[in-house]
Amino acid sequence: MRATDFIYDGVQLSSLGYIVCTFDSGGTDSSSAGSEITFNSVKQHGGVYYAQTGTEYEQCFSTTFSICKNTTDGPGQEISLDEYRKLMRWLNRRRFYDFALLDPKENGWKDITFQGSFNVEKIEFAGNIIGLNLTFNTNRPFGVGKVTTVAFSIEAANGTYNITNDSDEIGVLYPDLLEVTCKQDGDLSITNNLEGRVTFITGCTAGEKITMDCVDKIVTSSLASHKKIYNDFNFTFFRLYNSYSDRVNTITFSIPCDVKIIYRPIRKVVF
């Protein structure tokens with residue numbers, strides 16, 4: 001871990017008087033780049049050829065590093081029991097929160113976050129706590145970029161809008177939120193021309209707001225009369241796509257509407 005500071009759930013480590021440090025000596029080292037893919041295959045022709053049947057990420061990213069007090073005397077300053085308790089309350093939680101590195105040598109890290117929580121081991125010397133070993137466990141094999149919000153209006157039937165999917169992962173990206181406010185009655189279809197995928201909802205009404213959580217696969221309507229919207233939905237949740245050579249998604253809407261899309265692009269980096 002190159003950085004000596006980080007932000008976790010909005011709190012900066014250095015603001016508490018601590019830094020990332022090491023209690024070991026050594027020179028260069030190497031570590032996993034994350035995003036470790038398992039390639040599944042089936043043996044054919046007596047083992048002469050193995051046909052690929054699929055791929056998957058089997059493990060989320062985790063890493064271990066140490067922190068100590070940030071003093072002019074360097075590592076080895078005692079951490080009191082009260083200070084230890086406060087650090088445990090901040091870091092060791094049952095839910096995942098955003099973590100971002102702060103590296104003065106590479107400002108790009110501040111726009112990449114990891115969602116996770118910590119297990120903690122104390123480091124003692126002569127009976128005193130002088131540091132903590134932190135194991136950070138995440139919910140993905142990689143990081144994500146900053147939250148991106150795209151808002152636009154479609155003024156006519158079959159109007160289009162272009163969205164560039166700059167995710168580092170080739171393939172699909174499901175937005176956290178798709179919100180469509182219809183401007184006229186009709187059947188709403190949303191077509192991503194890059195992969196020919198169609199999201200379809202019938203019986204929409206002018207002024208109706210349709211909200212999709214495309215990650216957790218939930219669709220709702222603002223109208224009580226359309227409470228059972230899932231009966232009119234083809235259950236093809238909207239998503240962005242990119243291929244190795246094309247990142248631009250041209251999205252076509254069958255009726256005029258106002259649209260908001262919120263997503264976090266994948267960043268295939270670890271620390």
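Everything numeric here is computed off the predicted structure, so don't read it as measured data. (Residues numbered from 1 in each chain as written. Predicted model: local features only at pLDDT ≥ 70, side-chain atom pairs only at ≥ 80, totals over all residues. Heavy atoms only, no water.)

Undergrad: So what exactly am I meant to see when it comes to the layout of surface pockets here?
TA: The probe, sized like a water molecule, is rolled over the atoms to show the empty space still left. Reported here for the second largest pocket is a volume of approximately 370 Å³. Arg 140, Phe 142, Val 172, Leu 173 and Ile 266 are the residues nearest the centre of the second largest pocket, which is lined by 15 residues in total. Looking at the lining of the second largest pocket element by element, the count peaks at 3 residues for strand 13 (residues 171-173). Grouping the amino acids of the lining of the second largest pocket by side-chain chemistry returns 10 nonpolar, 1 polar and 4 charged. (1 Å grid on protein atoms, 1.4 Å probe; cavity = no way out; pocket = protein on both sides within 12 Å on 5 of 7 lines; lining within 4 Å. Points joined across faces, edges and corners; volume = space filled by probe spheres on them. Helix = DSSP H or I, 4+ residues; strand = E, 2+ residues; numbered from the N terminus. Nonpolar A, V, L, I, M, F, W, Y, C, P; charged D, E, K, R; others polar.)

Undergrad: What's the story with the sheet that holds strand 14 (residues 177-182) in this structure? I'm lost.
TA: Sheet strands pair via backbone hydrogen bonds, and the direction of the pair is either parallel or antiparallel. Spatial ordering of the open sheet is given by 11-21-14-17-18, a layout of 5 strands whose pairing is antiparallel. Of all the strands in the sheet, the pair left with one neighbour each is strand 11 (148-154) and strand 18 (218-221). Here the average twist between neighbouring strands, direction ignored, is 10°. Relative to strand 18, strand 17 (residues 209-213) is paired through 4 bridges, and the arrangement is antiparallel. Bridging from a neighbouring strand, Met 212 pairs with Val 219 of strand 18. (Pairing = 2+ DSSP bridges. Axes fitted to C-alpha atoms, helices over the stretch in contact; angles between N-to-C directions.)

Undergrad: Can you help me understand the packing of aromatic side chains in this one?
TA: Each aromatic ring pair is summarised here by two numbers: the centre-to-centre distance and the angle between the ring planes. Tallying each qualifying case throughout the model produces 18 aromatic pairs. Both rings, one in Phe 233 and one in Phe 237, keep their centres 5.0 Å apart while their planes meet at 85°; by these two values the pair is edge-to-face. With a relative accessible area of 7%, Phe 233 lands in the buried category. Using a relative accessible area of 4% as the deciding quantity, one classes Phe 237 as buried. Through a chain of ring-to-ring contacts, three or more aromatic side chains come together here, namely Phe 6, Tyr 8, Phe 65, Trp 90, Tyr 97, Phe 99, Phe 118 and Phe 136. (Phe/Tyr/Trp six-rings, centres within 6.5 Å; stacked < 30°, edge-to-face > 60°. Buried < 20%, exposed > 50% of the residue type's maximum accessible area, 1.4 Å probe, protein only.)

Undergrad: Looking at this structure, how should I read the side chain of Asn 192?
TA: Within the fold, Asn 192 resides in strand 15 (residues 186-192). A polar contact is formed between the side chain of Asn 192 and the backbone oxygen of Arg 239, at a distance of 3.1 Å. Within the local environment of Asn 192, its side chain forms a polar contact with the side chain of Asn 249, the two groups lying 2.7 Å apart. Once residues within four sequence positions are removed from consideration, Asn 192 is found in contact with Arg 197, Arg 239, Leu 240, Tyr 241, Asn 249, Thr 250 and Ile 251. (Polar contact = N/O pair within 3.5 Å; in protein donor to acceptor, adjacent residues only side chain to side chain. Contact = heavy atoms within 4.5 Å.)

Undergrad: Sorry if this is basic, but what is going on with the sheet that holds strand 16 (residues 197-204) here?
TA: Overall, antiparallel pairing links the 4 strands, which are arranged 12-20-15-16 in an open sheet. Looking at strand neighbours, the two that pair on one side only are strand 12 (159-164) and strand 16, the edges of this open sheet. When strand polarity is set aside, the average angle formed by the axes of neighbouring strands in this sheet is 15°.

Undergrad: Please clarify how the side chain of Thr 191 should be interpreted in this entry.
TA: Within the element layout of this structure, Thr 191 appears in strand 15. Sequence-distant contacts of Thr 191, defined by excluding residues within four places in its chain, comprise Arg 197, Val 198, Thr 250, Ile 251 and Thr 252.

Undergrad: Even after reading the chapter, I still don't get the state of the cysteines, so can you show me in this structure?
TA: Linking two cysteines covalently via their sulfur atoms produces the bond known as a disulfide. As enumerated under the stated definition, the model contains 0 disulfides in all. Left without a disulfide partner, Cys 257 is nearest to the cysteine sulfur of Cys 182, which lies 6.4 Å away. Owing to a relative accessible area of 0%, Cys 257 belongs among the buried residues under this scheme. (Disulfide = S-S within 2.5 Å.)

Undergrad: I keep staring at the environment of Arg 264 and nothing clicks. Help me out?
TA: Turning to its location among the elements, Arg 264 is positioned in the loop between strand 21 (257-263) and strand 22 (266-267). Residue Arg 264 is classed as buried on the basis of its relative accessible area of 14%. Dropping the residues within four chain positions of it, Arg 264 is found in contact with Asp 98, Thr 113, Gln 115, Val 144, Gly 145, Lys 146, Val 147, Leu 173 and Asp 176. Within the structure, the side chain of Arg 264 is placed 3.4 Å from the backbone oxygen of Gly 145, a separation counted as a polar contact.

Undergrad: How should the pattern of salt bridges be read in this particular structure?
TA: Once the charged atoms of two side chains with opposite charge are near each other, the side chains can pair. Applying the stated rule across the entire model yields 11 salt bridges. Arg 264 is the partner of Asp 98 in a salt bridge, and the nearest nitrogen-oxygen pair spans 3.6 Å. Linking Asp 98 in strand 7 (residues 97-102) with Arg 264 in the loop between strand 21 and strand 22, this pair joins segments that are 166 residues apart in sequence. Judged by its relative accessible area of 31%, Asp 98 is partly exposed. Among the ionic pairs, Asp 166 bridges to Arg 267, the shortest N-O distance being 3.1 Å. Taken together, the positions of Asp 166 in the loop between strand 12 and strand 13 and Arg 267 in strand 22 put the pair 101 residues apart, joining distant regions of the chain. Assessed through its relative accessible area of 34%, Asp 166 is described here as partly exposed. Linked by salt bridges that have partners in common, Glu 155, Lys 183 and Asp 258 make up one network. (Salt bridge = Lys/Arg side-chain N within 4 Å of Asp/Glu carboxyl O.)

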